[in-house]
Amino acid sequence: MIVVEELTKRYGPTLALDRLSFEVRPGVVTGFLGPNGAGKSTTLRIILGLHHPTSGRATIDNRRYDRIRRPMHEVGAVLDTDAAHPGRSAFHHLACLARSNGIGKARVGAVLDQVGLANVAHKRVGGFSLGMRQRLGIAGALLGDPAVVLLDEPVNGLDAAGIRWIRSTLRSLAAEGRTVLLSSHLMSEMALTVDHVLVVGQGRLLESASVAEIRERFERDVLVRSPRADDLTRILTGLGATVTVGPGGEVAVAGMDASAIGDAAAAASIAIHELTPRSATLEDVYLDMTSKAAEYRATKERTERP
Ligand code: ADP
Ligand code: MG
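Predicted model only: the values in this text are computed from it and were never measured.

Re the environment of leucine 206
Okay, step 1: Inspection of the secondary structure puts leucine 206 in strand E9 (residues 204-210).
Okay, step 2: Distance in space between the C-alpha atoms of leucine 206 and alanine 268 is 44 Å, their sequence separation being 62 residues.

Shown next as structure tokens:
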């Protein structure tokens, strides 16, 4: 498990992280989400011991990264896809990485297979597409068979097939009981990949919830179609719901859930042709959260200035 506690990081005048705290559990894919500049990469670098926090701490299974004796066996990370020398082959790159970390050569073939690069193992990395470089980065992260996998914006610039591949790879890593954390600035590409989201804005935690919880919490209204829309509207309004009739005769009902609406219609023998709970898209929810954080920060800075 990864634990981040009250992490603060200043770069000169920039407050990149502002008392950020969260936990990342094993067995699920966790998305670390926030707009550009929110502090995602800074957090991952601190977890990996590459940057020092101004205050607070980040631990992996109760230890700071620099106290882990064989880090590649415990934590695999991809922060940058261009880490491999362009003149080397994928196989050579991974073999060097394995040798310098005391990892047996058999793992090189295994991870090349796992990421689907076995057939280009002896081609120069310089000729690889972005998607192939992403796969090679992930192969490197998996070399030591680590229990924790951290990826910074792994789907950036990938095509649909690449995104689908990353999605299924991360899901199977989590299903094996590993801790998987990936960052992204786009909710749309995370919605189908992650189970849990941590949303950050301006270095602060805005939300930690399962994707299902967020969908439920932001359920907006229920769309109802009925040949007796007028009668139904009168009944639902009488029960305290807010009802809006749309141009096609469809009825949007807020303040009552689908089963209560269905029961009320049945009690009045009104036929229902459609009953659909509608939620705000995850993208809407995310944009709303992050823009509120920006407004809050702007107000706070204005009022705190003498
Ligand atoms: P994200 O990965 O969410 O886009 P970052 O962690 O890269 O965000 O950046 C958070 C903030 O910290 C930004 O304002 C960024 O400009 C600043 N920052 C990040 N790294 C440095 C650095 N090495 N020096 C100065 N400022 C930095
Ligand atoms: Mg970043």
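Brief notes about the pattern of salt bridges
Okay, step 1: As enumerated under the stated definition, the model contains 13 salt bridges in all.
Okay, step 2: Where aspartate 195 meets arginine 171, a salt bridge forms, and the shortest distance between an N and an O atom there is 3.1 Å. With aspartate 195 in the loop between strand E7 (179-184) and strand E8 (196-201) and arginine 171 in helix H6 (residues 160-175), the pair connects residues that are 24 residues apart, well separated along the chain.
Okay, step 3: Aspartate 195 gets classed as partly exposed once you look at its relative accessible area, which sits at 26%.
Okay, step 4: Judged by relative accessible area, arginine 171 falls into the partly exposed class, the value being 34%.
Okay, step 5: Residue glutamate 274 pairs with arginine 225 through a salt bridge whose shortest N-O separation is 2.8 Å.

Focus on helix H5 (residues 130-142)
Okay, step 1: Between its first and last C-alpha atoms H5 spans 18 Å; for 13 residues at 1.5 Å apiece the expected length is 18 Å, and the two agree.
Okay, step 2: Looking at H5, one finds that the buried residues are Gln134, Leu136, Ile138, Ala139, Gly140, Ala141 and Leu142.
Okay, step 3: Those residues of H5 hidden inside the fold are in contact with helix H2 (71-74), strand E5 (75-78), helix H3 (90-100), helix H4 (106-114), strand E6 (148-151) and H6.

Quick notes on the rules
- Residues numbered from 1 in each chain as written.
- Chains lettered and ligands numbered in written order.
- Predicted model: local features only at pLDDT ≥ 70, side-chain atom pairs only at ≥ 80, totals over all residues.
- Heavy atoms only, no water.
- Helix = DSSP H or I, 4+ residues; strand = E, 2+ residues; numbered from the N terminus.
- Salt bridge = Lys/Arg side-chain N within 4 Å of Asp/Glu carboxyl O.
- Buried < 20%, exposed > 50% of the residue type's maximum accessible area, 1.4 Å probe, protein only.
- Expected span 1.5 Å × (residues − 1).
- Contact = heavy atoms within 4.5 Å.

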